[in-house]
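Residue-level listing of the chains:
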Amino acid sequence: MSGTASGLPPVPILPYSRVVGQEELKLALELNFIAPGIGGVLIAGQRGTAKSTVVRAFALMTGGRLPVTLPINATDDRVLGGWELDALMRGEPKRQAGLIEEAHDKGLLYVDEVNLLDDHIVNIILDVVSTGVLSVQREGIDTQTHVSFGLVGTMNPEEGSLRAQLLDRFGLMVTAAELDIEERHRMITTVLTFEEERDVPDSAWMRAAEEENQQLRDGLLAARERLTTVRLEADISRLCAAAAARTGAVGQRGDLLVAKAARALAARDGARRVKPRHVRRVLPLALRHRRPDSVHGSELTWGQDDEAALDELFG
């Protein structure tokens, strides 16, 4: 694994290009990177399903550094910024940047176990992501700063869900998949190989993984550049709305997120316009947490009944 952009020593995280399985999770991260206006990704999954590993590997691949990580016990000062205590005691007021501003500099804010975080803090973060403006008005500070960063939250449903209002504010949601036997075998082999090769000078395995990472990064950056040129025609936007209605999505945010995610997928595929297959592919990501059963926190999956409801619409 290569070092960070600042020349720090290599970080012992499995290269993103060598992560086994979790294709839907990776797709959600990539779409959010291509179209930051999507507004973040929420990843649900049992412990040990590599949620944190995939997020950190993605951050290293796209930005060359680990994401800014928000601790569960974070306070307003730590998130928004405040005064440096030592300087204040010396009578030399000096503002200290918070984690949101650090995420703006580094590109990604990672909130592990977001469902255990205080709702007030989650609201602050989601407001900043949606508006792109960090407004701090407290204790003699009155500033407004334009910020842009990717947001990723993870949660274990066994430990409780998020309130409906907070679920809805995340652009996309994905459930980390349990690997089948063949994937588990590949995962074991890959991780053991990585642990053996990561400290080997000029390792051919690591070099190949880094080249694959670079190709993926270049592809995502190119997709981000051409995003605004991808056409979303009237029949496709109507299809997005119809699909959201057919699955019982609550509110209209889901309709818009389907369109944004489908457009990002088309850009990633190199397509000039959004097609029905792009819409169909992103529906679980954009709508699974916006249906009535999700609103009550009882179900965050996407199954055969959901697909059956869309069969007629997509022919």
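Our structure is the block above this text.
The structure reproduced in this document is the subject of the present report. Just so it is clear, the structure is predicted and the values come from calculations on it, not from any experiment.

Rules of the game
Residues numbered from 1 in each chain as written. Predicted model: local features only at pLDDT ≥ 70, side-chain atom pairs only at ≥ 80, totals over all residues. Heavy atoms only, no water. Axes fitted to C-alpha atoms, helices over the stretch in contact; angles between N-to-C directions. Helix = DSSP H or I, 4+ residues; strand = E, 2+ residues; numbered from the N terminus. Parallel < 35°, antiparallel > 145°, perpendicular 65-115°, else oblique. Left-handed = near helix turned anticlockwise from the far one by under 90°. Contact = heavy atoms within 4.5 Å. Nonpolar A, V, L, I, M, F, W, Y, C, P; charged D, E, K, R; others polar. Core = buried A, V, L, I, M, F, W, Y, C linked by side-chain atoms within 4.5 Å. Buried < 20%, exposed > 50% of the residue type's maximum accessible area, 1.4 Å probe, protein only. 1 Å grid on protein atoms, 1.4 Å probe; cavity = no way out; pocket = protein on both sides within 12 Å on 5 of 7 lines; lining within 4 Å. Points joined across faces, edges and corners; volume = space filled by probe spheres on them. Expected span 1.5 Å × (residues − 1).

For the rest of this paragraph, the subject is the packing of helix α12 (residues 276-287) against helix α14 (residues 304-314). Packed helix pairs are specified by the crossing angle of their axes together with the interaxial distance, meaning the distance between the axes. Two numbers describe how α12 lies on α14: the axes approach to 12 Å, and their chain directions differ by 165°. Between α12 and α14, the interaxial angle falls into the category roughly antiparallel. By crossing handedness, the relation of α12 to α14 is classed as right-handed. Residues P276, V279, R280, L283 and P284 of α12 touch α14, and the partners they reach there are E307, L310, D311 and F314. When its residues are assigned to classes, the contact of α12 with α14 shows 6 nonpolar, no polar and 3 charged.

A few words on the nonpolar core. L31, I43, L172, V258, V279, L283 and L287 are the most contacted members of the largest nonpolar core, which totals 61 residues. The biggest single contributor to this core is helix α11 (residues 253-269), with 9 residues. Counting 31 residues, the second-largest nonpolar core is a separate cluster that includes A44, A74, L167 and F170.

Under the criterion given, the structure shown has 1 cavity of 30 Å³ or more. There is about 30 Å³ of room inside the largest cavity. Taken together, V111, V114, V122, I125, L151 and F170 make up the lining of the largest cavity. By residue class, the composition of the lining of the largest cavity is 6 nonpolar, no polar and no charged.

Here we come to α11. The terminal C-alpha atoms of α11 lie 24 Å apart, and with 17 residues this matches the ideal 24 Å at 1.5 Å per residue to within 8%. All buried positions along α11 are accounted for by G254, D255, L257, V258, A259, A261, A262, A264, L265, A266 and A267. Summarising the contacts, the buried residues of α11 are in contact with α1 (23-34), β9 (172-175), α9 (204-226), α10 (234-246) and α12. Of the residues one or two after α11, G270 is the one with positive phi, at around 80°.

Quick look at the layout of surface pockets now. Space inside the largest pocket adds up to approximately 380 Å³. Taken together, 22 residues form the lining of the largest pocket, with G48, A50, L179, M187 and V191 sitting closest to its centre. Counting residues per element, the ones that place at least two in the lining of the largest pocket are α2 (51-63) and α8 (181-197). Examining the composition of the lining of the largest pocket, we find that 6 residues originate from one element, α8, more than from any other. The residue makeup of the lining of the largest pocket, split by class, is 12 nonpolar, 5 polar and 5 charged. Here the second largest pocket defines a volume of roughly 320 Å³.

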